[in-house]
Amino acid sequence: MQAISGVVQVVGVIAFVVIGFFQWFAIVDGVEHWLGISGVLAWVAAGFVTYIPLLGSVLGYLGATEVWHWPAWQAFGLFFWWIPLIMVVWAVGMIYEEK
């Protein structure tokens, strides 16, 4: 059982890093597209915007949909994946609370 736990942790860390890179590049592209800032300044601006939760997600969403031409549902899934996760955790908690 511990071996499986270790594998799940490694896969989780790898997924976290890969998703983080996608989000970072989408935010940079969103800053370039929406704010008209390019080059190194876009990277610096994206670094600050990333830590403003809603603004970073919106700029990343715009970068993924407007620059990368992703469908809206994929861009939403990249940046707002935590919303359905919270709903599932809440629902499972409600089911087990009743028992």
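As a starting point, this report considers the structure included with it.

Parameters and conventions
- The residue numbers shown here count from 1 along each chain, following its written sequence.
- Local features in this predicted model are restricted to residues whose pLDDT is 70 or higher, and side-chain atom pairs enter the listing and the counts only when it is 80 or higher, whereas totals over whole chains, interfaces and linings include all residues.
- Side-chain calculation: all heavy atoms of the structure are included, whereas hydrogens and water are not.
- The secondary structure listing takes helices from DSSP runs of H or I that are at least 4 residues long and strands from runs of E that are at least 2 residues long, numbered from the N terminus.
- Think of it in three bands: residues with accessible area under 20% of the maximum for their type are buried, residues over 50% are exposed, and the middle band is partly exposed, with areas taken using a 1.4 Å probe on protein chains only.
- Here, two residues are considered to be in contact whenever any of their heavy atoms come within 4.5 Å of each other.
- Aromatic pairing here means that ring centres of Phe, Tyr or Trp (its six-membered ring) are within 6.5 Å. Orientation follows from the plane angle: under 30 degrees is stacked, over 60 is edge-to-face, and everything else is tilted.
- Note on definitions: angles span 0 to 180 degrees between N-to-C directions of axes, and those axes are lines fitted to C-alpha atoms, for helices only across the stretch in contact.
- Every angle not falling under 35 degrees, over 145, or within 65 to 115 is termed oblique; those three ranges are roughly parallel, roughly antiparallel and roughly perpendicular.
- Three residue categories are used. Nonpolar comprises Ala, Val, Leu, Ile, Met, Phe, Trp, Tyr, Cys and Pro, charged comprises Asp, Glu, Lys and Arg, and polar comprises the others, including Gly.
- The reported arc concerns the directions from the helix axis to the C-beta atoms and nothing else.
- A residue counts toward a patch only above 30% relative accessible area and without a salt bridge, and it is joined to like-charged neighbours within 9 Å or, for Val, Leu, Ile, Met, Phe, Trp and Tyr, to nonpolar neighbours within 5 Å.
- All accessibility values rest on the Shrake-Rupley procedure with a 1.4 Å probe; residue burial counts only the protein chains present in the view.
- Definition used for salt bridges: Asp or Glu carboxyl oxygen within 4 Å of a side-chain nitrogen of Lys or Arg.

### Some words on the side chain of Thr 65
Piece 1. Positionally, Thr 65 belongs in helix H3 (residues 53-67).
Piece 2. For Thr 65, a relative accessible area of 15% puts it in the buried group.
Piece 3. Setting aside anything within four residues of it in sequence, one finds Thr 65 in contact with Trp 70, Pro 71, Ala 72 and Ala 75.

### A short note on the environment of Trp 73
Piece 1. Mapped onto the secondary structure, Trp 73 falls in helix H4 (residues 72-79).
Piece 2. Residue classification places Trp 73 among the exposed positions, given a relative accessible area of 64%.
Piece 3. Note: C-alpha distance between Trp 73 and Ala 3 (70 residues apart in sequence) is 35 Å.

### A short note on the packing of aromatic side chains
Piece 1. Scanning the model with the defined rule gives 6 aromatic pairs in all.
Piece 2. Taken together, a centroid distance of 5.9 Å and an interplanar angle of 40° make the contact between Trp 24 and Trp 43 tilted. Of this pair, Trp 24 sits in helix H1 (residues 2-35) while Trp 43 sits in helix H2 (residues 40-49), and the two are 19 residues apart along the sequence.
Piece 3. On the basis of relative accessible area, Trp 24 is assigned to the partly exposed category, the value being 26%.
Piece 4. Judged by relative accessible area, Trp 43 falls into the partly exposed class, the value being 37%.
Piece 5. Grouping aromatic residues by their ring pairs yields a cluster made of Phe 22, Trp 68 and Trp 70.

### With respect to the packing of H1 against H3
Piece 1. In contact at an axis separation of 7 Å, H1 and H3 are set at 80° when each is read in the N-to-C sense. On the basis of the axis angle, H1 is roughly perpendicular to H3. Residues Ala 26, Ile 27, Asp 29, Gly 30, Val 31, His 33 and Trp 34 of H1 touch H3, and the partners they reach there are Leu 55, Gly 56, Leu 59, Gly 60, Leu 62, Gly 63, Ala 64, Glu 66 and Val 67.
Piece 2. Considered class by class, the residues forming the contact of H1 with H3 number 9 nonpolar, 5 polar and 2 charged.

### Here we look at H4
Piece 1. Within the span of H4, buried status applies to Ala 75, Leu 78 and Phe 79. All buried residues of H4 lie within an arc of 85° about the axis, which places them on one face of the element.
Piece 2. On its buried side, H4 packs onto H1, H3 and helix H5 (82-98).

### Things to note about a nonpolar patch on the surface
Piece 1. The grouping of Ile 19, Phe 76, Trp 81, Trp 82, Ile 83, Leu 85, Ile 86, Met 87 and Val 89 at the surface amounts to a nonpolar patch, some 860 Å² of accessible area in total.
Piece 2. Tallying contributions element by element places H5 first for the nonpolar patch, with 6 residues.
Piece 3. The topology assignment puts Leu 85 in helix H5.

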